[in-house]
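Summary of the model geometry
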Amino acid sequence: MIRSRVARATVVVGAAVFFAGAAHAQSTGTAPPMAEPTLDTSYVNYDEGPISLPLSIGLRVPSYDRVNGLSVPWGPLIRVPGGRVRIDPTVTFRSNLGDYDPQVIIGASFGHFDRLTITGGRGTFTNDGWIRSDLINSLTSIGVGSDSRNYFRADRGTAVFAHDIPSGALTVTPSIGFLHEFDWSTGFAARHSSAPWSVFGRTDSLKMRRINPAITRGHVTSGLAGVGVVYDAAELTGAFDARLERAFDAPNQPEGYFTQITLGSKVSFPTFGVQSFAFRGHAVITPGDDGAPSQRFAYLGGAGTLVTVDLLALGGDRLLFVEGEYSVPLSRPVLPFVGAPVISARYAAGSAGVGELPSLIQNIGVGVGVKLVKAEYHIDPSYRKTSYTRRSAFSVGFSLSM
């Protein structure tokens, strides 16, 4: 009874309001004004405070390989009031080694173009990160057992000052710095039967059970200098970097020092319609007769570089690698989820050695791929039989660029 009375009262009040508005409109000759909604276009800057946890729990992007197993970094992110200084402490758990590696990165900016980065801590390091990105190397390791990196362990501290020089689409970044580290070997330097899990290739001595070369144990103290160049325009993108290391204290060196120059470059641009060309190059130069200690060796071989060579079978303190790939996207067939395939033609040449650069090994190949997956077939036109080379080879891998 009470509910029905309330309902009738609500209807009466609503009708009174409606007719009062209509009578007002008739008496004035105009419709009652309608309130226009207002939009709040103000920009809100959310302050996370001086301490925050990436991904809400402090977890960073993990990685996976045949030496460390699963590497999971965790740590807070600290911002000093004013925003000029950022402190990034982490502890990385490495499942296959059973180690917890502490590290801290301190970044300080001075204006818009100058910055100082100081890094210190323990970790697993590689000179082969240029072959594949961390993500691609993790996917190929856990999927097909193909880890395109060799590793060593170190306690390392660095300080690098960099200055950006922007000019339109071009940015040039010279840098100077200092490095001090204590290095030791990790993994297995001989045939073994223990390896982290992978879907395929876990028991293969050229994949997850591939040996990890030993290095020269000891301290390295170096001065660093470098320059990076990035060009990013609508029709052309490219990057070039050069790094000079002058070691003043190094193990197993007759004079206690060495000099090493590392060069890297990438260029891509469209040609006709949707077709494109991409170039990549990498070089390691160690002047003098004494060379560099083995923790500064770089390696070639396998699907990331020379497909007809066993994975990272070539290595040393001298290295040269170049490759060019021409890609032609097809309009048909359009496959579910992955789209239309892309066919490609690829040429690669390279070599690596200790004290000298051997003759280059060449690969000519064709490939077809869709998003995430790419298959290639390569031949060596100047094949010379060795225990680590083949006349032809087929490879399947991951690709995020297609």
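Topic: the overall build of the chain
On a plain count of helices and strands, the chain comes out with 2 helices and 21 strands. With 402 residues in all, the chain has 36% of them scored as buried. A separation threshold of at least 6 residues defines the contact pool for the chain, and within that pool the share at least 24 residues apart is 56%. Accessible surface, the chain as shown: approximately 22,700 Å² in total, 64% of it carbon and sulfur.

Examining the side chain of N137
Residue position: N137 is located in helix α2 (residues 134-144). N137 sits in the buried class, given a relative accessible area of 2%. Within polar-contact distance, the side chain of N137 engages the backbone nitrogen of S148 at 3.0 Å. In this structure N137 touches Y64, D65, R132, S146, D147, S148, R149 and Y151, once residues within four positions along its chain are discounted.

Section: the nonpolar core
W130, L300, L306, L314, L319 and F321 are the most contacted members of the largest nonpolar core, which totals 17 residues. When residues of this core are traced back to their parent elements, those giving at least two are β15 (298-300), β17 (318-329) and β18 (342-353). The contact partners of L306, leaving out residues within four places of it in the chain, are G301, L314, F321, A348, A349, G350, I361 and N363.

Topic: the confidence of the model for the chain
Low pLDDT marks regions whose predicted coordinates should not be analysed in detail. In the predicted model, the chain carries a mean pLDDT of 89, and the fraction of residues at 70 or more is 87%. Across residues 1-32, confidence stays below pLDDT 50; counting only partners more than four residues off in sequence or on other chains, it has 3 contacts.

Regarding the environment of D164
Looking at the secondary structure, you find D164 in the loop between β8 (152-163) and β9 (165-167). Taking relative accessible area as the criterion, D164 reaches 17% and is therefore assigned buried. Along the primary structure D164 and V227 are separated by 63 residues, whereas in three dimensions their C-alpha atoms are 9.9 Å apart. If near-sequence neighbours (up to four positions away) are discounted, D164 is found in contact with F113, R115, T171, V172 and T173. A polar atom in the side chain of D164 sits 2.8 Å from the side chain of R115.

Criteria and thresholds
Residues numbered from 1 in each chain as written. Predicted model: local features only at pLDDT ≥ 70, side-chain atom pairs only at ≥ 80, totals over all residues. Heavy atoms only, no water. Helix = DSSP H or I, 4+ residues; strand = E, 2+ residues; numbered from the N terminus. Buried < 20%, exposed > 50% of the residue type's maximum accessible area, 1.4 Å probe, protein only. Contact = heavy atoms within 4.5 Å. Areas by Shrake-Rupley, 256 points an atom, 1.4 Å probe, with all protein chains shown as cover. Polar contact = N/O pair within 3.5 Å; in protein donor to acceptor, adjacent residues only side chain to side chain. Core = buried A, V, L, I, M, F, W, Y, C linked by side-chain atoms within 4.5 Å. pLDDT = per-residue confidence, 0-100.

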